[in-house]
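# Tertiary structure, described
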Amino acid sequence: MTSAPEHLDPALRVEALASLLAERGLVDEATVETFIKTYEQSVGPMNGAKVVAKAWTDPDYRARLLADGTAAIAELGFKGPQGEHIVVLENTPAVHHVVVCTLCSCYPWPVLGLPPSWYKDPAYRARVVREPRRVLSEFGLDLGDEVEIRVHDSSSEVRYMVLPERPAGTEGATQEELAALVTRDAMVGVAKVASP
Amino acid sequence: MTGPGGHSDTAYLLDSAGPAAPPRDNGELVFAAPWESRAFGLALALHDAGRIDWEDFRRSLVAVIDTWQAAHPDGEGWSYYECWLRSLELVVDSKGLVGAADLRARLDALASRPAGHDHGNDHGHDHE
């Protein structure tokens, strides 16, 4: 058989690669497992939700977050790979931000975890740039024509996170209660945060 | 077909609220198969150990995705983690960590294992 490896079963290819890397002492199996567990269980959108809830209730924090996303996010203990240059975009009644990575899948891991499959999909990556209003509508988010939509292309230099609008009816809510309302989709900009 | 990549087909977008929805919270599935998580973990571990540069890996991933998309304009058969795995294979080869020929030989050895049998020429498999 001389077929290129990309035509072989990926599970077998991963096994072959992993066994060679382990034999050569290039990766430590425990480290691999730790990374997998971390991103499966500990790092996810609930981190970003805490950031958003704090920004909604603490104007000084909100200002710091918009001025230097990475630093303000690190204040809450969220840092790590893909979190070096996070820029936070604030949605308002007049301007709605939505995030994409047109080239691959750049995404702010420390606050949102790993990207969902639709974010990595070629269709989303191409279409949200060309016809954002329509794509958002397909996500169930119909924005009036008076709302300006800005599409932001994440890259290795900048990874974007959206600070959604605080929903009505949450005036007396605690940060914890607010964080429970915030979804991943709202922090990518394909949804709004619904009122409780 | 409602697979990803169908340009005017909106089903894949609506999937974000259906049973195939990607994770919203902690503890939900972020990988579709064990090999995906392993390919992910290997790349991070190699970077963590200083064996690969993340930007090299990302550039490779962008190129692999671009090549795939050019060859599959309808998006049929898209697999993000297959692109990820291919990028990883290319980067470890270019860094001289695991050459393509060595990988090929190991693949052939693994593929020729008797079904349901994990020994034979699989010397590398001595996990605790």
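Residues numbered from 1 in each chain as written. Chains lettered and ligands numbered in written order. Predicted model: local features only at pLDDT ≥ 70, side-chain atom pairs only at ≥ 80, totals over all residues.

## Concerning the overall build of chain B
Helix and strand counts for chain B stand at five helices and zero strands. Counting helices and strands in the order they occur from the N terminus, chain B gives α-α-α-α-α. Considering chain B as a whole, with its 128 residues, one finds that 34% of them fall into the buried category. (Helix = DSSP H or I, 4+ residues; strand = E, 2+ residues; numbered from the N terminus. Buried ≥ 20, exposed ≤ 12 C-beta atoms within 10 Å, placed from the backbone.)

## Overview of the environment of Glu29 of chain A
Residue and element names in this part refer to chain A. Checked against the element boundaries, Glu29 lands in helix α2 (residues 29-42). Accessibility expressed as a C-beta count within 10 Å gives 15 for Glu29, which makes it partly exposed. Distance in space between the C-alpha atoms of Glu29 and Ala18 is 8.7 Å, their sequence separation being 11 residues.

## A short note on unusual backbone geometry
Peptide bonds are, in most cases, trans, and in most cases residues other than glycine have a negative phi. At Gln82 of chain A, a position not held by glycine, the phi torsion is positive, near 70 degrees. You can see Gln82 of chain A is positioned in the loop between α5 (69-75) and β1 (86-90).

## So, α2 of chain A
The end-to-end C-alpha distance of α2 of chain A is 19 Å, a good match for the 20 Å that 14 residues give at a rise of 1.5 Å each. Among the residues of α2 of chain A, Val32, Phe35, Ile36, Tyr39 and Glu40 of chain A are the ones counted as buried. The buried residues of α2 of chain A occupy one face: seen down the axis, they fall within an arc of 120 degrees. Facing away from the buried side of α2 of chain A, by more than 90 degrees, are the exposed residues Ala30, Lys37 and Ser42 of chain A. Residues of α2 of chain A that are buried sit in contact with α2 (34-48) of chain B. (Expected span 1.5 Å × (residues − 1). Arc of directions from axis to C-beta. Contact = placed C-beta atoms within 7 Å.)

## Notes on the packing of helix α1 (residues 10-23) of chain A against helix α5 (residues 100-111) of chain B
Direction vectors running N to C along α1 of chain A and α5 of chain B enclose 120 degrees, while the axes themselves pass 9 Å from each other. Comparing their axes, α5 of chain B and α1 of chain A come out oblique. In terms of crossing hand, the pair formed by α1 of chain A and α5 of chain B is right-handed. Here Leu12, Arg13, Glu15, Ala16, Leu17, Ser19 and Leu20 of chain A of α1 of chain A lie close against α5 of chain B, whose contacting residues are Asp102, Leu103, Arg106, Leu107, Leu110 and Ala111 of chain B. Here the contact of α1 of chain A with α5 of chain B is built from residues that sort into eight nonpolar, one polar and four charged. (Axes fitted to C-alpha atoms, helices over the stretch in contact; angles between N-to-C directions. Parallel < 35°, antiparallel > 145°, perpendicular 65-115°, else oblique. Left-handed = near helix turned anticlockwise from the far one by under 90°. Nonpolar A, V, L, I, M, F, W, Y, C, P; charged D, E, K, R; others polar.)

## Concerning the environment of Ala100 of chain B
All names here are of chain B. Within the element layout of this structure, Ala100 appears in helix α5. C-beta crowding within 10 Å serves as the criterion here: with 14 such atoms nearby, Ala100 is assigned to the partly exposed category. Between the C-alpha atom of Ala100 and that of Leu46, which follows or precedes it by 54 residues, the distance is 17 Å.

## Observations regarding the interface of chain A and chain B
On the side of chain B, 55 residues touch chain A, which itself brings 51 residues to the contact. Taken together, the elements giving at least two residues each to the side of chain A that touches chain B come down to α1, α2, α3 (45-57), α7 (117-120), α8 (122-130) and α9 (132-138) of chain A. Of the residues belonging to the side of chain A that touches chain B, the class tally is 30 nonpolar, nine polar and 12 charged.

## Re the packing of α1 of chain A against α2 of chain B
When two helices pack together, their arrangement is captured by the angle between the axes and the distance separating the axes. Here α1 of chain A crosses α2 of chain B at 35 degrees, and the two axes come no closer than 9 Å. Note on packing geometry: the crossing formed by α1 of chain A with α2 of chain B is left-handed. Taken together, the residues of α2 of chain B that come into contact with α1 of chain A (itself represented by Pro10, Ala11, Val14, Leu17, Ala18 and Leu21 of chain A) are Trp35, Arg38, Ala39 and Leu42 of chain B. When grouped by side-chain class, the residues that make up the contact of α1 of chain A with α2 of chain B number nine nonpolar, no polar and one charged.

## Quick notes on the confidence of the model for chain B
Residue and element names in this part refer to chain B. On average, residues of chain B score 75 in pLDDT, and 66% of them are at 70 or above. At the low end of the mean pLDDT range in chain B sits helix α1 (residues 11-14), at 34; at the high end sits helix α4 (residues 80-94), at 96. A low-confidence stretch, residues 1-28 stays under pLDDT 50, and its non-local contacts, those more than four residues away or across chains, total 58 contacts. Here the predicted complex carries an ipTM of 0.86, next to a pTM of 0.83. (pLDDT = per-residue confidence, 0-100.)

## Examining the pairing of strand β4 (residues 159-163) of chain A
The side chains of a regular strand alternate between both faces of the sheet. Burial runs high along β4 of chain A: five of the five residues are buried. Burial along β4 of chain A is two-sided: Arg159, Met161 and Leu163 of chain A and Tyr160 and Val162 of chain A, pointing in opposite directions, are all buried.

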